[in-house]
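Residues per chain are reported as follows:
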Amino acid sequence: MSIWLDGALRDATTASVSVFDHGLTVGDGVFETLKAVDGKPFALTRHLDRLTRSARGLGLPDPDHDEVARACAAVLKANPMPLGRLRVTYTGGQAPLGSERGEHGPTLLVAVSETTRRPDSTAVVTVPWIRNERGALTGLKTTSYAENVVALARAHEQGASEALFANSVGQLCEGTGSNVFVVLDGEIHTPPVPSGCLAGITRALTVDWTGAKETDLPLDVLERADEIFLTSSLRDVQGVHRVDGRELPGAPGPVTAKAMRIFEERSRADLNP
């Protein structure tokens, strides 16, 4: 397996990042996860734009889009696979121990691993922890992911693949690595970005392609929604057949199935929408 690290392809078994890298010591970094189909990244331009927004949110220098694109292409060419999880990580680089940054400049790492198509539906759980819609990292895709690790472990303990959060005022927000949509009386709704959710790439495309409405939703909407589905770069659009103890028979339902079909057709027709 070959990865890209700071300007060149390297053997993944021997490549190394400093033990003083700020991304390791304090989580000072941002990342993107892209779907790669037959060696081609999906929605690369949108992901690079969000990587830059996240970097600016942390005060990191803008990543060089041309370099990141070259790195992605090189990694995918060196590691051919039909469906891949392409990960771009961009950190504050080597720094003193503590919160202050050093002067070595950022670290850029690009790697890929093989993955498989997700099931058409899955189970989710809600968790007692919240998203802070007014936090310093809100809306940024950072490597400070421990909250998600804890919540996802809770989901796995309960036989689910995803955990859903409310925000500080009790509104439905997002999953650990996904956005959430609900169907009410035949209409698709998803929490707006000010709720504290990440502005997901697949979320945005789904809103554009299906006409979904961005709506403030109470968490208990999950108890009465006709259908529920998730979106993310690797899930695309995925139905939910169970939320906590509530079963949703026949998932994916007709509205979700249509959204899945639309997303599949549109994304296949244009790899960089």
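Refer to the structure above for everything that follows.
Parameters and conventions
Residue positions are counted from 1 within each chain, in the order its sequence is given. Totals for whole chains, interfaces and linings use every residue, but because this is a predicted model, local features are given only for residues with pLDDT of at least 70 and side-chain atom pairs only at 80 or more, for both listing and counting. In computing side-chain properties, one takes all heavy atoms of the structure into account and sets aside hydrogens as well as water. Strands here are runs of E lasting at least two residues and helices are runs of H or I lasting at least four, both read from the DSSP assignment and numbered beginning at the N terminus. Buried, partly exposed and exposed residues are distinguished by accessible area as a fraction of the type maximum, computed with a 1.4 Å probe on protein chains only: under 20%, between the cut-offs, and over 50%, respectively. The contact criterion used throughout is that any non-hydrogen atoms of two residues lie within 4.5 Å. Throughout, the Shrake-Rupley method with a 1.4 Å probe supplies accessible areas, and for residues the shown protein chains are the sole cover considered. We call two strands paired when DSSP finds no fewer than two bridges between them. By definition here, a salt bridge exists when the distance from a side-chain nitrogen of Lys or Arg to a carboxyl oxygen of Asp or Glu is within 4 Å. To define axes, lines are fitted to C-alpha atoms, for helices over the stretch in contact only, and angles between the resulting N-to-C directions are given on a 0 to 180 degree scale.

S.K.: Now, about the overall build of the protein: what can you tell me, with residues and values included?
M.R.: Along the backbone of the protein there are six helices and 15 strands. Projected onto its principal axes, the C-alpha coordinates of the protein cover approximately 55 × 40 × 30 Å. Here the protein holds 273 residues, and 47% of them are scored as buried. Considering only contacts within the protein whose residues lie at least 6 apart along the sequence, 69% involve residues at least 24 apart. Surface accessibility of the protein: about 12,700 Å² in total, with carbon and sulfur atoms responsible for 52%.

S.K.: An account of the pairing of strand 6 (residues 107–114) is requested, with residue identities and associated values reported.
M.R.: With two bridges joining them, strand 1 (residues 2–5) and strand 6 adopt antiparallel strand pairing. In the strand pairing of strand 6, Leu5 is matched with Leu109. One ladder, built from eight bridges, connects strand 5 (residues 83–91) with strand 6; its direction is antiparallel. In the sheet register, Thr89 faces strand 6, and the bridge partner there is Leu109.

S.K.: Which residues make up the pattern of salt bridges, and what are the values?
M.R.: Taken as a whole and assessed by the stated rule, the structure comprises eleven salt bridges. Here Arg50 makes a salt bridge to Glu32, at a shortest N to O gap of 2.8 Å. One end of the pair, Arg50, is in helix 2 (residues 44–58); the other, Glu32, is in strand 3 (residues 29–37), and 18 residues separate them in sequence. Taking relative accessible area as the criterion, Arg50 reaches 5% and is therefore assigned buried. On the accessibility criterion, Glu32 (2% relative accessible area) is buried.

S.K.: Hey, could you go over the sheet that holds strand 2 (residues 8–11) for me, with residue numbers and the actual values?
M.R.: With antiparallel pairing, six strands are arranged side by side in an open sheet as 2-1-6-5-3-4. Edge positions in the sheet fall to strand 2 and strand 4 (40–41), since each has one partner strand and no second. For strand 3 and strand 4, the ladder comprises two bridges, and the chain directions are antiparallel. Paired with Val37 across the strands is Lys40, a residue of strand 4. This element, helix 2, spans strand 3, strand 4 and strand 5 of the sheet and lies at about 170° to strand 3. Contacting strand 1, strand 2, strand 3, strand 4, strand 5 and strand 6, helix 3 (residues 65–78) crosses the sheet at an angle of about 30° to strand 6.

Worth remembering: the numbers are spatial, not functional.
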